[in-house]
There are 2 protein chains.
Amino acid sequence: MAKNMTLLWGSGSCPCWRAMIALEEKNLQGYNHQLLSFDKMEHKSQQVLDINPRGQLPSFKHGDNIVNDSYAICFYLESQFQDQGNRLIPDGPEERARMYQRMFEGQTFYEKLNNVIYYDFFIPEEERHDCALSRNKEALKAELSLWEGYLQQSPGSFLAGSSFSLADVVVFPTVAYLFRFGLSAGRYPKLGEYYALLKDRPSIRASWPPHWLENPKGHEALKDF
Amino acid sequence: MAKNMTLLWGSGSCPCWRAMIALEEKNLQGYNHQLLSFDKMEHKSQQVLDINPRGQLPSFKHGDNIVNDSYAICFYLESQFQDQGNRLIPDGPEERARMYQRMFEGQTFYEKLNNVIYYDFFIPEEERHDCALSRNKEALKAELSLWEGYLQQSPGSFLAGSSFSLADVVVFPTVAYLFRFGLSAGRYPKLGEYYALLKDRPSIRASWPPHWLENPKGHEALKDF
C-alpha cells in the first residue's frame with residue numbers, strides 16, 4: 001500500500017516527526033523514505049525542491065499528490081485512509097472540537113518553544129536583544145502553564161479526551177522536545193505524565209528521532225523553567 | 001440553528017474573517033455575535049477571557065464547545081455541518097491534497113504579510129532593524145511569486161482546483177489585505193484575478209470588514225512590491 005509514498009525527512013524535526021507518527025498510526029509502514037541532513041543543507045537540494053519549492057522537510061508524495069506541510073499530511077492521511085489503522089479524528093462533537101482547538105494551539109506552543117531554544121539560530125547576531133529573549137522565555141512559561149492546565153482539565157489522558165487523536169500526533173513532538181531540553185516533570189506534572197504515557201506508544205517509538213537515540217540528552221536550556 | 005453559536009470578533013482581523021466566511025458558507029447565519037474593538041483592548045476583556053484564555057479574537061462557542069482558532073473553527077464547522085450549505089472539502093484526493101497543502105501554506109503567507117505591514121506594531125522600537133524589515137520584504141516577495149505560480153498552475157479558478165474550498169476560506173482574507181495595502185494587480189495578475197473573482201462572493205461580501213467599507217483604502221505599504 002505504502003510503496004507509492006515517499007517521505008523526505010530530517011532527524012529531530014518536529015514537523016517530520018508528526019508526519020511519521022501519522023504514517024505509523026495509519027499502518028502505512030513500508031513507505032519509501034530518505035533521511036536528509038539539515039547540517040549539510042540537503043533540504044535545499046534539487047531532490048527536495050522538485051517536490052517542495054520551499055526547500056523544507058518533510059516533503060511528501062503519495063502517487064502524484066504532493067503534500068508537504070506536516071498538518072496537511074496528517075489531515076490528508078486521515079481522510080485518505082479513514083478505515084485503516086487508528087482513527088485519528090474522534091466521532092463525538094465535544095472531543096472533536098477540543099481536538100481541532102488543541103491542534104492549532106499546538107502551532108503556537110511549537111513556535112514559542114522555538115523562540116527560546118532556537119533564538120540564536122533564527123536571529124542574526126547583530127539583531128539579538130536580551131529583552132526579546134527574556135520576553136520569549138516569559139511567553140513560553142505562560143504557554144506551559146496553559147498546557148499544564150489543559151491536561152489537568154482533560155476528561156481523558158489525551159489532549160482531546162479519552163482517545164489518541166491528531167492533536168496528540170502534532171503536539172507530542174513539542175512535548176518531547178521540552179523534556180529533552182531539560183523541562184522539569186516535577187514542576188509540570190501533567191505534562192510529565194503525558195510524556196511518559198505517550199513516549200512508548202508504538203507509532204512514537206518507531207519514529208523516534210535517530211540522533212536522539214544516539215544522544216539522549218539535549219542541552220539543558222529549559223532546566224530552570 | 002445558529003442561535004446556539006456565539007462569535008466574538010474584531011473588524012479587519014484575518015482570523016475573524018475566516019471564521020465568518022465559513023459560517024456564511026455553511027448557512028449558519030443568525031449566530032450571536034459581538035464586534036469588539038482591538039483599539040480599546042476589548043479582546044483582553046473578561047468576556048473574551050471566559051471563552052479564550054489567550055485573549056484573542058475570534059472567540060467562538062457552539063453550545064458548550066469552545067473553538068477559538070480560526071482554522072479549528074473552519075474544520076469544526078465543516079465536520080459538524082457537512083451536509084449544510086456548501087461542502088468545503090473536495091471529494092477527489094488530488095484536489096483534497098492541494099486544499100490541505102494550500103491551507104497550511106496560507107499560514108506562512110499570512111505571517112510573511114504581517115512581518116511587513118505590521119513590523120512596527122509587532123517589534124518594539126528599540127529592537128527594530130532595517131535589515132530585518134528588508135529581509136521580511138524579500139521574503140514576502142518570494143511568497144507572492146509562489147502564490148502567483150500556484151494560481152497559474154491551478155486546474156481551476158480556486159486554490160485547490162475547480163471548487164471553492166477551505167483553502168479559499170482561509171487564504172482569501174490575506175489576499176484582500178494585499179490589495180487593500182496597494183499590491184499591483186498588474187504585477188501579480190493571477191492574484192488580481194483571484195481577488196476579483198472572490199470579492200463579490202456572497203459569503204465574502206456579507207462578512208467584509210465594516211471599517212474597510214468606511215475606509216476602502218489602507219496605507220500603500222505594498223505599492224512598490
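As the structure is a computational prediction, the values presented were derived from the model and not from experiment.

What counts, and at which threshold
Residues numbered from 1 in each chain as written. Chains lettered and ligands numbered in written order. Predicted model: local features only at pLDDT ≥ 70, side-chain atom pairs only at ≥ 80, totals over all residues. Heavy atoms only, no water. Least-squares fit on C-alpha atoms with pLDDT ≥ 70 in both. Contact = heavy atoms within 4.5 Å. Domains from an automatic or database assignment. Salt bridge = Lys/Arg side-chain N within 4 Å of Asp/Glu carboxyl O. Polar contact = N/O pair within 3.5 Å; in protein donor to acceptor, adjacent residues only side chain to side chain. Helix = DSSP H or I, 4+ residues; strand = E, 2+ residues; numbered from the N terminus. Core = buried A, V, L, I, M, F, W, Y, C linked by side-chain atoms within 4.5 Å. Buried < 20%, exposed > 50% of the residue type's maximum accessible area, 1.4 Å probe, protein only. UniProt positions renumbered as here; feature names shortened; annotations may be inferred. Buried area = accessible area lost by both parts, 1.4 Å probe.

### Digging into the relation of the copies chain A and chain B
Part 1: Mapping chain A onto chain B calls for a rotation angle of 180° and an axial translation of 0.0 Å; the resulting RMSD is 0.0 Å. The operation mapping one copy onto its partner corresponds to a two-fold rotation axis. Residue Glu-127 of chain A of chain A places its C-alpha closer to the rotation axis than any other residue of that unit, at 3.7 Å.
Part 2: Mapped onto chain B, 100% of the interface residues of chain A again fall at the interface, so both copies present the same surface.

### Focus on the domain arrangement of chain A
All names here are of chain A.
Part 1: Per the domain assignment, the segments making up chain A are domain 1 (2–80) and domain 2 (93–214).
Part 2: Relative placement of domain 1 and domain 2: their C-alpha centres are 21 Å apart.
Part 3: The interface of domain 1 with domain 2 comprises 16 residues on the first partner and 25 residues on the second.
Part 4: The interface formed by domain 1 and domain 2 contains one salt bridge.
Part 5: Measuring nitrogen to oxygen at the nearest pair gives 2.7 Å for the salt bridge that ties Arg-201 to Glu-25.
Part 6: For the interface between domain 1 and domain 2, the tally reads seven residue pairs in polar contact (both at pLDDT 80 or more).
Part 7: Mapped by element, the contributors of at least two residues to the side of domain 1 that touches domain 2 are α1 (14–25) and α3 (70–80).

### Things to note about the nonpolar core
Part 1: In this structure, Leu-77 of chain A together with Leu-77 of chain B are the most contacted members of the largest nonpolar core, which totals 146 residues.
Part 2: With residues up to four places along the chain from it excluded, the contact list for Leu-77 of chain B reads Met-5, Ala-22, Leu-23, Lys-26, Leu-28 and Phe-60 of chain B.

### A short note on the UniProt feature "domain: GST N-terminal" (unreviewed entry) in chain A
Part 1: Feature annotation in UniProt places "domain: GST N-terminal" (unreviewed entry) on residues 3–85 of chain A, given in this structure's numbering.
Part 2: Secondary structure within residues 3–85 of chain A divides into 33% helix and 20% strand; the distance between the first and last C-alpha atoms comes to 16 Å.

### Looking at the side chain of Asn-114 of chain A
Part 1: By secondary structure assignment, the location of Asn-114 of chain A is in helix α4 (residues 93–117).
Part 2: Once you skip the residues sitting within four places of it in the chain, Asn-114 of chain A turns out to touch Tyr-119 and Phe-122 of chain A.

### Quick look at the interface of chain A and chain B
Part 1: Contact residues are listed per partner, giving 34 residues for chain A and 34 residues for chain B.
Part 2: Both faces considered, chain A and chain B share a buried interface measuring about 2800 Å² in area, 54% of it formed by carbon and sulfur atoms.
Part 3: Across the pair Arg-54 of chain B and Glu-143 of chain A runs a salt bridge, and its minimum N-O distance is 2.7 Å.
Part 4: Counting every contact that joins chain A to chain B gives 14 residue pairs in polar contact (both at pLDDT 80 or more).
Part 5: Of all the secondary-structure elements, those providing two or more residues to the side of chain A that touches chain B are β4 (65–66), α3, α4 and α6 (130–153) of chain A.
Part 6: Per element, the largest residue contribution to the side of chain A that touches chain B is ten residues, and it comes from α4 of chain A.

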